[in-house]
Amino acid sequence: MIVTLLLEKTVEAVKELYGYSVEPDKINLEKTSKEFEGDYTIVVFPLLRISRKSPEITGKEIGDFLKQSFDYIESYTVIKGFLNILLSDRYWINLFLENYNKQDYGRSEPIEDAPVIIEFSSPNTNKPLHLGHIRNNLLGYAVASILEANGNKVIRMNLVNDRGIHICKSMLAYIKWGNGEDPSTSGIKGDSLVGKYYVRFNEEYKKEINELILKGYSQEEAEKRAPVLLEAQEILRKWESGDPGTIQLWRKMNGWVYKGFEKTYARLGITFDHVQFESETYLLGKELVKEGLEKGVLAQKPDGSIWADLTNDGFDEKVLQRSDGTSVYITQDIGTAQQRYDHYHPSRMIYVVGNEQNYHFDVLKSILKKLGRNWADLIFHLSYGMVELPSGKMKSREGTVVDADDLMDEMCETAGKITTELGKAKDLPDPEAGELFNSIGLAALKFFILKVSPKKNMTFDPVESIDFNGNTGPFVQYTFARIRSLLKKSGIPVSEINMDGDENSLVLMKSERELLKYLALFPEVIRDAANDLNPSFVTNFCYETAKFFNQFYQEVPVLKESDQAKRLFRLCLSMFTGNTLKSGMSMLGITLPDQM
RNA sequence: GGUCCAGUAGCUCAGUUGGAUAGAGCAACAGCCUUCUAAGCUGUGGGUCGUGGGUUCGACUCCCGCCUGGAUCACCA
């Protein structure tokens, strides 16, 4: 790497010139900012103490030394305290020659290491997926792909929250008001149908609470005593005790939901390597709770409920098992974690879960450690911000959510409309046109969500938020389509486009240089995105790359260039850009059409 | 109230070991299609980086206080 070489030589320069040994990491080397000529900049201020000379003279002396030690340094300038180093075209061209036709450019060799488990999606089976889940799924899938590109072995894990009071609520409402309808008789997608009964439950629940308050109960009291809630709790007890009728209904309704989810995942382009069900891990969790109780690290109250006292860790007491013996949410998480650890001996366990559960994961780790599981430190909660609507927070209880299926439909419809308005894709036959609109609509949605740093909350206006111009998925797709068009029109089969060795006379145009310099960053971008588990680095890289390409495309002719060496170089540079975009966007789960 | 996260242009967002004049897109305005896809390119306007201190040659970035917004502290998941 040129950066390490420059650092080493600078250290040497300081030693030679001023007789002082500095650590390489003390040298301030960065990319030259746009307004100045140069590729890398050494900030000389920190070195003045050593040189005991003015910034200008120090910069010049180091600059001279470096220029003499490197063939690749074209020139340097010292402005104020900044030594700007300009690399020769040769350097960039060599870098280009090494990588332009590599399909796996930027990706790392697989590391021989224990796998990283990444859990995402984790839907509840009482309602369809909504906008919040979309962010979760896209983030999880992208992070997994980025880790793979970084050389990690990855296991994409989905944990289905298929049991608990929430599904009992839907079941109860279905028993009471369902009249035996099912997805085929009603024509409603399975997950939506179950969701309908979840909303119905909450309507009844609210009504009963209000009635009880009129009778003189406090709000809190009313919430606990509402008859439908008591009935739902009864169903949960029956379920945990294995009541056949309850289990049968539960299976049936969950089956509808899974069919529905399958469609939504397929549309989103999400797949998993392994699926866990809470109903299969909560018993292990209960066992661990029992173990903790026997060891004396957990405590039982007179009513039978079991608690962890975490006040020494800065948390409150946490209930792990209700007085009626049923388990709570965190109980299954304890079992799930244990199962994952035993089964995979992973190097890390990443959980992609919203920031509303920050406390939950702190508590989970704390409890696992209390139980003597030191591997709790392998757990990392990848916490992301909420997606809010202009009208405020989404509440599935009240049905004020943006449904994932509806949203995708709308995006693709809009994509089709815009494409038609622009007069494009006229010659495409029907099924392919549909695929194209799908690709564009989903690209817009995915890119919009993934370009935001995971940690941040985001507001999403279904009407106005998503654009097809500017910093968007379709912009990158369009750029790619332009590149494909160039390659196609060159008349050379893509697999045979190659430099022919006549590149010695090349002088780079500004836009060629800028583009090439930026493409050179891709390996670094993947590494940073993997380290920070942040797909927005890749998203922004793809956008900037496309922008640099469009500037290049606008400034210089490719196929119309008369000089053969230049024409071929530009064609290969375009192909290099295309490969890189395709690779980057595929990590985000975004497909790039050849034509649009 | 405790804890955690966030606050950058009218709007949506970049800005990562502290570096030069804080950047994009959208929206507004002005240009560029007889020339490789105008979903593009070029330009103009728009900022007390929430706020007040501190550290430093240098702070959007680090430290402290305050303000605002969000999350959370359930025998919900």
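All values reported here derive from a predicted model rather than from experimental measurement.

Asks: Before we go on, may I ask you to explain the packing of aromatic side chains in this structure?
Replies: Any pair of aromatic rings gets described here by the distance separating the centres and the angle formed by the planes. Scanning all chains against the criterion turns up 27 aromatic pairs. The interplanar angle of 80° and the centroid separation of 5.8 Å between the aromatic rings of phenylalanine 448 and phenylalanine 460 together place this pair among those described as edge-to-face. Of this pair, phenylalanine 448 sits in helix 16 (residues 430–450) while phenylalanine 460 sits in the loop between strand 14 (458–459) and helix 17 (473–489); the two residues are 12 residues apart in sequence, bridging distant segments of the chain. Centre to centre, the rings of tyrosine 518 and phenylalanine 548 are 5.1 Å apart; their planes meet at 40°, and the pair counts as tilted. Of this pair, tyrosine 518 sits in helix 18 (residues 510–519) while phenylalanine 548 sits in helix 20 (residues 536–555), and the two are 30 residues apart along the sequence. Just as tyrosine 518 is buried, phenylalanine 548 falls in that class too. Ring-pair connections join several aromatic residues into one group, and the members of that group are Phe96, Tyr100, Tyr105, Tyr518, Phe522, Phe541, Phe548, Phe569 and Phe576. When the ring centre of tyrosine 282 is taken as origin, the NZ or CZ atom of arginine 163, which lies over that ring, is 4.7 Å away. A cation sits over an aromatic face here: arginine 200 above tryptophan 177, 4.4 Å from the ring centre.

Asks: Would you explain the protein's contact with RNA strand B in this entry?
Replies: Around RNA strand B lies a shell of 75 residues, among which Asp303, Asp316, Lys424, Tyr478 and Phe537 are the nearest. Counting only atoms of RNA strand B within 4 Å of the protein, the sugar-phosphate share comes to 62%. Lysine 424 is positioned with one of its side-chain polar atoms (N or O) 2.4 Å from a phosphate oxygen of RNA strand B. Note that a sugar or linking oxygen of RNA strand B is positioned 3.4 Å from one of the side-chain N or O atoms of asparagine 457. Listed by contribution, the elements that provide at least two residues to the surface near RNA strand B are strand 2 (40–43), strand 4 (82–87), helix 6 (165–177), helix 14 (358–370), helix 15 (404–421), strand 14, helix 17 and helix 20.

Asks: Teacher, can you tell me more about the nonpolar core here?
Replies: For soluble globular proteins, nonpolar side chains are generally found buried alongside one another. Among the nonpolar cores identified, the biggest contains 151 residues, and Phe96, Leu445 and Leu573 are the most heavily contacted of them. Every residue in contact with leucine 573, bar those within four places of it in the chain, is listed here: Phe96, Glu512, Leu515, Leu516, Leu519 and Phe552. Leu298, Ile306, Ile330 and Met349 belong to the second-largest nonpolar core, a separate cluster that totals 24 residues.

Asks: Looking at this structure, how should I read the packing of helix 10 (residues 227–240) against helix 11 (residues 244–268)?
Replies: The axes of two packed helices give the description: the angle between them and the distance between them. Orientation of helix 10 relative to helix 11, taken along the N-to-C sense of each, is 100°, at an axis distance of 8 Å. Judged by the angle between their axes, helix 10 and helix 11 are roughly perpendicular. Here Ile235, Lys238 and Trp239 of helix 10 lie close against helix 11, whose contacting residues are Thr246, Ile247 and Trp250.

Asks: Help me understand the state of the cysteines in this model?
Replies: Defined simply, a disulfide is a covalent bond joining two cysteines at their sulfur atoms. In total, this model carries 0 disulfides according to the counting rule given. With no disulfide of its own, cysteine 412 lies 20 Å from the sulfur of cysteine 542, the closest cysteine sulfur. Judged by relative accessible area, cysteine 412 falls into the buried class, the value being 9%. Looking at cysteine 542, the relative accessible area reads 0%, which means it is buried.

Asks: Quick question: what am I supposed to make of the pairing of strand 4 here?
Replies: Looking along a regular strand, one sees the side chains alternate between the two faces of the sheet. In terms of burial, strand 4 is a largely internal element, 5 of the 6 residues being buried. As defined by bridge partners, strand 2 adjoins strand 4 across 4 bridges and the pair is classed as antiparallel. If you follow isoleucine 42 over to strand 4, its bridge partner there is leucine 83. The sheet contact formed by strand 3 (residues 73–79) and strand 4 spans 6 bridges and is antiparallel. Paired with isoleucine 73 across the bridge in strand 4 is leucine 87.

Asks: What am I meant to see in the domain arrangement of chain A here?
Replies: It is common to give the size of an interface as the accessible area that goes away when the parts come together. Along its sequence, chain A is organised into domain 1 (2–87), domain 2 (120–398) and domain 3 (404–587). Its C-alpha centre places domain 1 at a distance of 56 Å from the equivalent point of domain 2.

Asks: Before we go on, may I ask you to explain the pairing of strand 9 (residues 306–309) in this structure?
Replies: Only one face of strand 9 is covered, namely the one carrying Ile306 and Ala308; the face carrying Trp307 and Asp309 has none of its residues buried. Between the end of strand 8 (residues 299–300) and the start of strand 9, which pair antiparallel, lie 5 residues, with glycine 304 showing a positive phi angle near 100°. Alignment of strand 9 against strand 10 (residues 317–321), held across 4 bridges, turns out to be antiparallel. Along strand 10, the bridge assignment pairs tryptophan 307 with valine 319.

Asks: Please explain the side chain of lysine 446 as it appears in this structure.
Replies: Secondary-structure assignment places lysine 446 in helix 16. Among buried Asp, Glu, Lys and Arg side chains, lysine 446 stands out as unpaired, with aspartate 405 the closest opposite charge at 13 Å. Excluding residues that lie within four positions of it along the chain, lysine 446 makes contacts with Leu138, Leu268, Leu588, Gly589 and Ile590.

Conventions we followed
- Residues numbered from 1 in each chain as written.
- Chains lettered and ligands numbered in written order.
- Predicted model: local features only at pLDDT ≥ 70, side-chain atom pairs only at ≥ 80, totals over all residues.
- Heavy atoms only, no water.
- Phe/Tyr/Trp six-rings, centres within 6.5 Å; stacked < 30°, edge-to-face > 60°.
- Helix = DSSP H or I, 4+ residues; strand = E, 2+ residues; numbered from the N terminus.
- Buried < 20%, exposed > 50% of the residue type's maximum accessible area, 1.4 Å probe, protein only.
- Lys NZ or Arg CZ within 6 Å of the ring centre and 35° of its normal.
- Near = heavy atom within 4 Å.
- Polar contact = N/O pair within 3.5 Å; in protein donor to acceptor, adjacent residues only side chain to side chain.
- Core = buried A, V, L, I, M, F, W, Y, C linked by side-chain atoms within 4.5 Å.
- Contact = heavy atoms within 4.5 Å.
- Axes fitted to C-alpha atoms, helices over the stretch in contact; angles between N-to-C directions.
- Parallel < 35°, antiparallel > 145°, perpendicular 65-115°, else oblique.
- Disulfide = S-S within 2.5 Å.
- Pairing = 2+ DSSP bridges.
- Domains from an automatic or database assignment.
- Lys, Arg positive; Asp, Glu negative; His and termini not counted.
- Salt bridge = Lys/Arg side-chain N within 4 Å of Asp/Glu carboxyl O.

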